[in-house]
Amino acid sequence: MQAIEILEREHHLVLHLLECLEVVVNEAEGKGQLRSPHAAEILSLMEFFADGSHQRKEEEGLFSRLLRRAALSQRLYVGRLFADHARDRHDLRSLHSNLMGAVYGDPLSTREFVVRSRRYILSHRKHMGREQVVLYPMAERLLDERDDAMIVRGFAAIDNGLPPGLDLATKVRGLCARVGVGFREERLPPAAFAEMAG
Ligand SMILES: [Fe+2]
Ligand SMILES: [Fe+2]
């Protein structure tokens, strides 16, 4: 499915964003100082891309289409992933607030940023693992070509609402270079996602 290919390509970028956040958090923990411009850039990409346009594509396109076709147990699984999205967005708001406190100079905010970021990274990876190991294969089984075409049209409409000229892949690569994360051209193998899913 073209829709799944698009979402998996986006996961590849989100994984790099989480690695960037991990580097920034490790430094903050080691030195007690947060590289706030990098942290702000990562949070901005998480908000507008990972927890923003990517989650909208899943919720408004893939999940809602799947809910029409899936059996009860499968619908419950989709519901859990919806709940993950809501929790991610809530946690991200707390991270923003911690970052502002850290910029202000509050050491407690820096410590909270570290602890919350670690939880956020872990839960995001687990969520993406579950999508790639369980949900996307479920979509491949239950949805047909017409579903795929409709979902991809919806994705295009969401992308049309992004800032003009925005190239997310280039933006993430640039961030990786500045933070010191090597950008992998190859996507991770299915076994890596299975491990993340837990
Ligand atoms: Fe998701
Ligand atoms: Fe996803």
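Relevant structure appears above.
**Student:** Hey, could you run me through the overall build of the chain in this one?
**Tutor:** Along the chain, the regular secondary structure elements total seven helices and zero strands. Counting from the amino terminus, the chain carries its helices and strands in the arrangement α-α-α-α-α-α-α. Rg of the C-alpha trace for the chain: 17 Å, near the compact-globule value of 16 Å for 198 residues, within the 12% margin. Taken over the C-alpha atoms alone, the chain extends approximately 55 × 35 × 30 Å along its principal axes. When burial is assessed residue by residue, the chain has 31% of its 198 residues classed as buried. At a minimum sequence separation of 6, the contacts of the chain that also span at least 24 residues come to 82%.

**Student:** What is the right way to look at the packing of helix 1 (residues 2-31) against helix 6 (residues 168-179) in this model?
**Tutor:** Two quantities define a packed helix pair, namely the angle between the axes and the distance from one axis to the other. Between helix 1 and helix 6, whose axes approach to 10 Å, the crossing angle comes to 25°. Regarding the angle of helix 1 to helix 6, the classification is roughly parallel. Crossing handedness for the pair helix 1 and helix 6: left-handed. Of the residues in helix 6, those touching helix 1 at Leu13, His16, Leu17, Cys20, Val23 and Val24 are Leu168, Ala169, Val172, Leu175, Cys176 and Val179. Partitioning the contact of helix 1 with helix 6 into residue classes produces eleven nonpolar, one polar and no charged.

**Student:** I would appreciate a short explanation of the nonpolar core in the present structure.
**Tutor:** Side chains of a nonpolar character, in soluble globular proteins, are inclined to be buried together. Grouped together as the largest cluster of nonpolar side chains are 30 residues, with contacts concentrated most on Leu17, Cys20, Val24, Ile42 and Leu45. Looking at this core, the elements with two or more residues in it are helix 1, helix 2 (36-69), helix 3 (72-104), helix 4 (107-142), helix 6 and helix 7 (190-197). Of all the elements, helix 1 adds the most residues to this core, at nine residues. Each residue touching Cys20, except ones within four places of it in the same chain, is listed here: Ile42, Leu175, Cys176, Val179 and Val181. If you look at the next biggest cluster of nonpolar residues, it comprises twelve residues, including Phe63, Val78, Leu135 and Ala139.

**Student:** When you look at helix 1 in this model, what are you seeing that I'm missing?
**Tutor:** For an α-helix, the turn length of 3.6 residues means that residues three or four places apart are oriented alike. Taking 1.5 Å per residue as the helical rise, helix 1 with its 30 residues ought to reach 44 Å, and the 44 Å between its terminal C-alpha atoms agrees with that figure. Positive phi shows up at Gly32, right after helix 1, with a value of about 75°.

**Student:** It is not clear to me how the environment of Gln2 should be interpreted in this structure. Could you clarify?
**Tutor:** Residue position: Gln2 is located in helix 1. The sequence separation of Gln2 and Glu145 amounts to 143 residues, and the corresponding C-alpha distance is 9.2 Å. Excluding anything up to four places from it in sequence, Gln2 contacts Asp148 and Val152.

**Student:** Looking at this structure, how should I read helix 4?
**Tutor:** A rise of 1.5 Å per residue sets the reference length of helix 4, with its 36 residues, at 52 Å; its end C-alpha atoms lie 50 Å apart and thus fit the reference within 8%. At Glu131, helix 4 shows its maximal kink, close to 40°.

**Student:** Sorry if this is basic, but what is going on with the packing of helix 1 against helix 2 here?
**Tutor:** The N-to-C vectors of helix 1 and helix 2 enclose an angle of 155°; their axes lie 10 Å apart at closest approach. The angle between helix 1 and helix 2 places the two elements in the roughly antiparallel class. Every pair of crossing elements has a handedness; the one defined by helix 1 and helix 2 is left-handed. Residue-level contacts link Ala3, Leu7, Glu10, Val14, Leu17, Cys20, Leu21 and Val24 of helix 1 to His38, Ala39, Ile42, Leu45, Met46, Ala50, His54, Lys57, Glu58, Gly61 and Leu62 of helix 2. Residue composition of the contact of helix 1 with helix 2, grouped by class: 13 nonpolar, three polar and three charged.

**Student:** Got a minute to help me understand the environment of Ala139 in this structure?
**Tutor:** Mapped onto the elements of the fold, Ala139 is located in helix 4. Ala139 sits in the buried class, given 24 other C-beta atoms within 10 Å. Along the primary structure Ala139 and Phe63 are separated by 76 residues, whereas in three dimensions their C-alpha atoms are 8.8 Å apart. When residues no more than four places from it in sequence are discounted, the contact partners of Ala139 are Met1, Ile4, Leu62 and Leu66.

Rules of the game
- Residues numbered from 1 in each chain as written.
- Chains lettered and ligands numbered in written order.
- Predicted model: local features only at pLDDT ≥ 70, side-chain atom pairs only at ≥ 80, totals over all residues.
- Helix = DSSP H or I, 4+ residues; strand = E, 2+ residues; numbered from the N terminus.
- Rg over C-alpha atoms; globule rule 2.2 N^0.38 Å.
- Buried ≥ 20, exposed ≤ 12 C-beta atoms within 10 Å, placed from the backbone.
- Contact = placed C-beta atoms within 7 Å.
- Axes fitted to C-alpha atoms, helices over the stretch in contact; angles between N-to-C directions.
- Parallel < 35°, antiparallel > 145°, perpendicular 65-115°, else oblique.
- Left-handed = near helix turned anticlockwise from the far one by under 90°.
- Nonpolar A, V, L, I, M, F, W, Y, C, P; charged D, E, K, R; others polar.
- Core = buried A, V, L, I, M, F, W, Y, C linked by C-beta atoms within 7 Å.
- Expected span 1.5 Å × (residues − 1).
- Bend = angle between axes of the 7 residues up to and from the residue.

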